[in-house]
Amino acid sequence: MTDIQVPVLIVGGGGAGLTASMSLSNLGVDSLLVSGLPGTSTLPKAHVLNQRAMEIFTEVGVAPEIYKRSTPAANMRANGWYAGLAGAHDGYGRKLGELEAWGGGYTDPDYVAASPCRTCNLPQIRLEPVLKEHAEKLNPGGIRFNHELIDLVQDADGVTATVRDKDADATYQVRSQYLIAADGGRTVGKLVGVEMNGPRDIMKMVSIHMTADLSPWAADDDVLIRWLVNPDFGGSWSGVLVPMGPDHWGPESEEWVFHMQYATDDPDAMQEEKVLARMRASLGLPPDLVPTVHRISQWVMEGVIADKFRQGRVFFAGDAAHRHPPTGGLGLTSAIHDVYNLSWKLAAVLAGRAGDGLLDTYEAERKPVDKNNIDNAIANAMNHFTIDKALGLSPEKTPEENWAELAPLWHELPESAAKRHALNRAIGSQTMEFRHHNVEFGYRYDSTAIVSDGSPEYVPLDPVRLYEPSSQPGHPMPHAFVERRGERIPLGTLVHGGKFLLLAGEEGHAWVEAANKIAAENDLPLVAGTVGVLDSDFIDVRCAWLKNRGISSTGAVLVRPDRYVAFRSSDGVADPHAALEDALSQVLSTELR
Ligand SMILES: Cc1cc2nc3c(=O)[nH]c(=O)nc-3n(C[C@H](O)[C@H](O)[C@H](O)COP(=O)(O)OP(=O)(O)OC[C@H]3O[C@@H](n4cnc5c(N)ncnc54)[C@H](O)[C@@H]3O)c2cc1C
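All of these numbers come straight from a predicted model, not from anything done at the bench.

**Here we look at the overall build of the chain**
Of the regular secondary structure elements, the chain holds 16 helices and 27 strands. At 25 Å, the chain has a C-alpha radius of gyration in line with the 25 Å of a compact globule built from 593 residues. C-alpha extents for the chain along the principal axes are approximately 75 × 60 × 40 Å. As displayed, the chain has an accessible area near 22,500 Å², and 52% of this comes from carbon and sulfur atoms.

**A few points about the nonpolar core**
If you look at the biggest cluster of nonpolar residues, it comprises 99 residues, and the most contacted ones within it are F57, I66, L179, I180 and L502. With eleven residues, the single largest contributor to this core is helix α8 (residues 331–350). Looking at this core, you find at least three residues from each of domain 1 (4–72 + 117–196 + 303–364) and domain 2 (447–588). In contact with F57, other than residues within four places in its own chain, are T19, M22, L49, V62, A63, I66, L127, L131 and I336. Among the nonpolar cores identified, the runner-up in size contains 33 residues, and A101, V229, V242 and A381 belong to it.

**Some thoughts on the sheet that holds strand β20 (residues 322–323)**
As summarised here, the arrangement of the three strands in space is β11-β17-β20, forming an open sheet in which the pairing is antiparallel. Since the sheet does not close on itself, it has two edges, and those belong to β11 (196–197) and β20, each with one partner. Pairing geometry for strand β17 (residues 304–306) and β20, over two bridges, is antiparallel. Bridging across to β20, I305 finds its partner in H322. Where helix α9 (residues 357–391) meets the sheet, its contacts fall on β17 and β20, and the angle it forms with β17 comes to roughly 170°.

**Some thoughts on the domain arrangement of the chain**
It is common to give the size of an interface as the accessible area that goes away when the parts come together. Taken domain by domain, the chain comprises domain 1 (4–72 + 117–196 + 303–364) and domain 2 (447–588). Here the C-alpha centroids of domain 1 and domain 2 sit 29 Å apart. Facing the 18 residues of domain 1 at the interface are 20 residues of domain 2. Taken over both partners, the interface formed by domain 1 and domain 2 buries close to 1,400 Å², and the fraction arising from carbon and sulfur atoms is 57%. Scanning the region where domain 1 abuts domain 2 turns up two salt bridges. A salt bridge links E59 to R563; its shortest N-O distance comes to 3.8 Å. In this structure, the connection of domain 1 to domain 2 is made through seven residue pairs in polar contact (both at pLDDT 80 or more). Grouping the amino acids of the side of domain 1 that touches domain 2 by side-chain chemistry returns eight nonpolar, five polar and five charged.

**Considerations on the environment of I427**
Summarising the element assignment, I427 is placed in helix α11 (residues 416–429). Note on I427: relative accessible area 4%, which makes it buried. Each C-alpha atom, one on I427 and one on V451, is 41 Å from the other, the two residues being 24 residues apart in sequence. In this view, I427 contacts W81, L96, G97, E98, L99 and I387; residues no more than four positions away in its chain are not counted.

**Some points on the packing of helix α1 (residues 15–26) against α8**
The N-to-C vectors of α1 and α8 enclose an angle of 30°; their axes lie 8 Å apart at closest approach. Overall, the two elements α1 and α8 adopt an arrangement that is roughly parallel. As α1 runs across α8, the sense of the crossing is right-handed. Only L332, A335, I336, V339, Y340, S343 and L346 of α8 make contact with α1, whose side of the interface consists of G15, A16, T19, A20, S23 and L24. In the contact of α1 with α8, the residues fall into nine nonpolar, four polar and no charged.

**Quick look at the site of the ligand**
Not every one of the 33 residues close to the ligand is listed here, only the nearest: Q124, T187, D319, L332 and T333. For the ligand, a nitrogen atom lies 2.9 Å from a polar atom in the backbone of L149. Between the ligand and D319 there is a distance of 2.7 Å, counted from an oxygen atom to a side-chain nitrogen or oxygen. Burial of the ligand by the protein amounts to 92% of the accessible area it has alone, namely 1,000 Å². Mapped onto the shell around the ligand, the elements with two or more residues apiece are α1, β2 (31–35), β8 (147–154) and α8. Grouping the constituent residues of the shell around the ligand by class yields twelve nonpolar, 16 polar and five charged.

Conventions used here
- Residues numbered from 1 in each chain as written.
- Predicted model: local features only at pLDDT ≥ 70, side-chain atom pairs only at ≥ 80, totals over all residues.
- Heavy atoms only, no water.
- Helix = DSSP H or I, 4+ residues; strand = E, 2+ residues; numbered from the N terminus.
- Rg over C-alpha atoms; globule rule 2.2 N^0.38 Å.
- Areas by Shrake-Rupley, 256 points an atom, 1.4 Å probe, with all protein chains shown as cover.
- Core = buried A, V, L, I, M, F, W, Y, C linked by side-chain atoms within 4.5 Å.
- Buried < 20%, exposed > 50% of the residue type's maximum accessible area, 1.4 Å probe, protein only.
- Domains from an automatic or database assignment.
- Contact = heavy atoms within 4.5 Å.
- Pairing = 2+ DSSP bridges.
- Axes fitted to C-alpha atoms, helices over the stretch in contact; angles between N-to-C directions.
- Buried area = accessible area lost by both parts, 1.4 Å probe.
- Salt bridge = Lys/Arg side-chain N within 4 Å of Asp/Glu carboxyl O.
- Polar contact = N/O pair within 3.5 Å; in protein donor to acceptor, adjacent residues only side chain to side chain.
- Nonpolar A, V, L, I, M, F, W, Y, C, P; charged D, E, K, R; others polar.
- Parallel < 35°, antiparallel > 145°, perpendicular 65-115°, else oblique.
- Left-handed = near helix turned anticlockwise from the far one by under 90°.
- Near = heavy atom within 4 Å.

This is how it looks when you write it as structure tokens:
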């Protein structure tokens, strides 16, 4: 007997599941979320939230609360490298270099031009409760923690899931049309035969979450992540120190997480006393400073991806679909991007406005992006070793030998210039992680839900670092602030609530008329208007849209509800109604009227 019927069942109450719940609620789709544990994550994992994640959180209304609790921009302008933190001589804690991080606290003009949202930093243990509270507000009664999915079967019409209510020690059945597996890869994949492939033991890490006053040694207000390249311990992955707030950031942070690398078969990683002793030694803490340890966690960096993102009516998102090293902050953020891509498609199909083919584009679009994230995250992790190499540090050398390698940085010696150059070069190369704007933000989609305009294939100037705004179909819609009746709005927010957006040039009124007609004929949420400096529905006061629109004054750009360009016509056409109808039919995988 089925106890509950709901259009979408979400399994997992981490970042992916909670964002799926908020997105679906925002689109008017009823859902039920079940999550196996009593509460949100207690592990200090993700913290960096990129611009697209913050755009998504803006749309569902939770961004202001996240920004309020997060690291101020001034305390996350850069990441720094230091020779350890504290210790017996003045070499400890000396700065080796720093690099702007993820838009330099929203001062990098490219990041400012790309999005109205700045990169944010809020540890997952503080983020998830905010997401949960907001998801509950949007869907009262629809978020059930301590409810674990234990079985599921699917047929042509839906999915029947068996859920155990751990509080009541009872099971019940949920019948849904679709199921989102956001369970971190723990249960659903095994039940429906979806496998994860890729390397599983790239690096073993131990993370310690603690309260400690490190302000006497943690210099530099503007630094977020401190890579403590301690010569006593060989190099870069010997210690990474991340502030956790919650009330102060920078050197004054009350809480910290310290990550240390271990050999994958090192039994010491499992022994708390040894782990803490190594942490004390690595940080060089004085005997009278005793941190309050909240949690020690062991984890392994993987690089795995699900062989399928869709299995019938089940969709895989977040860590259930891909897991990779945290370097670059792409794990939680891509989980958020995954479900955002999926939500509007589910909403369109459930409303009868799109065919099932639209749901196939979820895998076609997200899998290549997530695979690229995996490759980049692994490359980022490995590239940190080039800094050790440039310095001449190695775990095989004695501490004295390693310290001697650093001497040319701080004393004028014949090899000083070469060593400093090598170090700066190695640190500069880490822009592949800390300025990977085209990976985290500029990625493109290629599927049947994108209508090619036949323009030459985009060749990036730098596929990793540089996001080049473009209105070519498949690209994220370029950001522009415009004015409407005196109000300043980011153009991209016009899609909020699951709307298509037709933006025509100043003389593209025929496109706007056609779009409005199609919207009325098909009950399709579609906003249309002209954009220009004069006499337009949206006034392009800064010419920001003009710069990137890629069409003439008679052309048009059609944007999907997830802010991706679906279709573009560089000029006016004889029958804009037919052109738009064809485009939308292809995107939605259905025949419009
Ligand atoms: C040290 C570290 C640092 C990181 N830093 C970053 C960063 O800066 N930025 C970033 O973007 N990512 C980062 N990540 C990665 C990020 O933490 C993960 O990618 C993210 O947690 C994935 O979210 P998720 O919701 O997909 O899965 P999870 O967070 O694993 O959530 C899965 C949920 O499903 C529930 N569940 C499991 N099985 C069942 C079941 N049978 N029934 C019901 N519920 C179930 C679980 O209880 C859990 O609530 C980091 C990871 C680590 C380890």
